[in-house]
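An overview of the molecular structure
One-letter residues, chain by chain:
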Amino acid sequence: MRFIFFALFFIACGYKQSSIYQKKILGNNIHPEVIIDIKNPRETIFLKDALNDAIYTILHGNVCYNNCDSKIVINSSSSSLEVLDYDKNGYPVLYRSKVSLSVDVFKKSLHKHYVVSGSYDFRIEPQSILNDEAKLTAFKNASINALDKLFALIAKDGVKL
């Protein structure tokens, strides 16, 4: 009974998945391009992986390199790591990774520019050293957060079309 109610509710109110609106802007076959940051090439590779994953999982699209419907070009404008909290001995225990992305979307004659940012908070054990693996994982999670915001903006623009 509940299933029928929810099905009728979503049909009656005109609910559509955001991926339908995103496809109006991006199409099905998407060419991802991430501009390599010379200062942080390893972080850029994580961003490329996150973008490819998002195309498959969030957009339900295909990564394409020839005869594509659209192209997404991402440039990591900035990234930072800041301490948010210290333990009683003065050692950092809570960090925030921030990422800012400059994104251009091209589809035939359509060109959209977006600037999005994402963040990710994480803890480390007191008196431990922050290693590269933790930094890269935090960067990837902050990038995923920024990509989620990007796809929300794309869906908003798709509603307008």
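Note that this is a predicted model, so its numbers are computed, not measured.

**Brief notes about the overall build of the protein chain**
- Summing up its helical and strand segments, the protein chain has four helices and five strands in all.
- When the helices and strands of the protein chain are listed from N to C terminus, the series reads α-α-β-α-β-β-β-β-α.
- Among the 161 residues that make up the protein chain, the fraction classed as buried is 37%.
- If you take every contact in the protein chain between residues at least 6 apart in sequence, the share linking residues at least 24 apart comes to 68%.
- Carbon and sulfur atoms make up 56% of the accessible area of the protein chain, which totals about 9,900 Å².
- Computed over 20 positive and 16 negative side-chain charges, the inter-centroid distance for the protein chain is 10 Å.

**A word on the side chain of aspartate 87**
- Among the secondary structure elements, aspartate 87 is positioned in the loop between strand S3 (70–86) and strand S4 (92–107).
- Here asparagine 89 takes part through its backbone nitrogen, which lies 3.0 Å from a polar atom of the side chain of aspartate 87.
- At 2.7 Å, the side chain of aspartate 87 and the backbone nitrogen of tyrosine 91 are in polar contact.

**A closer look at the packing of aromatic side chains**
- Taken as a whole and judged by the stated rule, the model has two aromatic pairs.
- Geometrically, the ring pair formed by tyrosine 95 and phenylalanine 122 is stacked, given 5.6 Å between the ring centres and 20° between the ring planes. Here phenylalanine 122 lies in strand S5 (residues 110–123) and tyrosine 95 lies in strand S4, a separation of 27 residues in the sequence.
- For tyrosine 95, a relative accessible area of 10% translates into the label buried.
- With a centroid separation of 6.2 Å and an interplanar angle of 15°, the aromatic rings of tyrosine 120 and phenylalanine 122 are classed as stacked.

**Concerning the pairing of S5**
- Pairing geometry for S4 and S5, over 14 bridges, is antiparallel. In the sheet register, leucine 94 faces S5, and the bridge partner there is arginine 123.
- Between S4 and S5, which pair antiparallel in sequence order, lie two residues; one of them, lysine 108, sits at a positive phi of approximately 50°.

**Some thoughts on helix H3 (residues 41–57)**
- With 17 residues, H3 extends 24 Å from end C-alpha to end C-alpha; this agrees with the ideal 24 Å at 1.5 Å per step.
- Taken as a whole, H3 has its buried residues at Glu43, Thr44, Leu47, Ala50, Leu51, Asn52, Ala54 and Ile55.
- Buried positions along H3 lie against strand S1 (29–35), strand S2 (62–63), S3, S4 and helix H4 (132–160).

**Some words on the pattern of salt bridges**
- A full pass over the atoms with the stated rule returns five salt bridges.
- Across the salt bridge formed by arginine 96 and aspartate 121, the nearest N and O atoms sit 2.6 Å from each other. Pair noted here: arginine 96 is in strand S4 and aspartate 121 is in strand S5, with a separation of 25 residues, a long-range link.
- The network of salt bridges with common partners includes Lys112, Asp157 and Lys160.

**Re the pairing of S3**
- Both S1 and S3 contribute to a ladder of six bridges, which runs parallel. Each bridged residue has a counterpart across the sheet, and for glutamate 33 the counterpart in S3 is valine 73.
- In the sheet, S3 pairs with S4 via 14 bridges, with the strands oriented antiparallel. Directly across from serine 76, in S4, lies its bridge partner leucine 101.
- If you look at the hairpin formed by S3 and S4, you'll find five residues sitting between the two strands, and glycine 90 has a positive phi there, around 90°.

**Overview of the nonpolar core**
- In terms of nonpolar packing, the biggest core is built from 26 residues, with Ile74, Leu101 and Phe151 touching the most fellow members.
- Elements with a minimum of two residues in this core: helix H2 (18–26), S1, H3, S3, S4, S5 and H4.
- Among the elements that make up this core, the one with the highest residue count is H4 (seven residues).
- With five residues, the next largest nonpolar core counts Tyr95, Ile124, Leu130 and Ala138 among its residues.

Thresholds, definitions, all that
- Residues numbered from 1 in each chain as written.
- Predicted model: local features only at pLDDT ≥ 70, side-chain atom pairs only at ≥ 80, totals over all residues.
- Heavy atoms only, no water.
- Helix = DSSP H or I, 4+ residues; strand = E, 2+ residues; numbered from the N terminus.
- Buried < 20%, exposed > 50% of the residue type's maximum accessible area, 1.4 Å probe, protein only.
- Contact = heavy atoms within 4.5 Å.
- Areas by Shrake-Rupley, 256 points an atom, 1.4 Å probe, with all protein chains shown as cover.
- Lys, Arg positive; Asp, Glu negative; His and termini not counted.
- Charge placed at Lys NZ, Arg CZ, Asp CG, Glu CD.
- Polar contact = N/O pair within 3.5 Å; in protein donor to acceptor, adjacent residues only side chain to side chain.
- Phe/Tyr/Trp six-rings, centres within 6.5 Å; stacked < 30°, edge-to-face > 60°.
- Pairing = 2+ DSSP bridges.
- Expected span 1.5 Å × (residues − 1).
- Salt bridge = Lys/Arg side-chain N within 4 Å of Asp/Glu carboxyl O.
- Core = buried A, V, L, I, M, F, W, Y, C linked by side-chain atoms within 4.5 Å.

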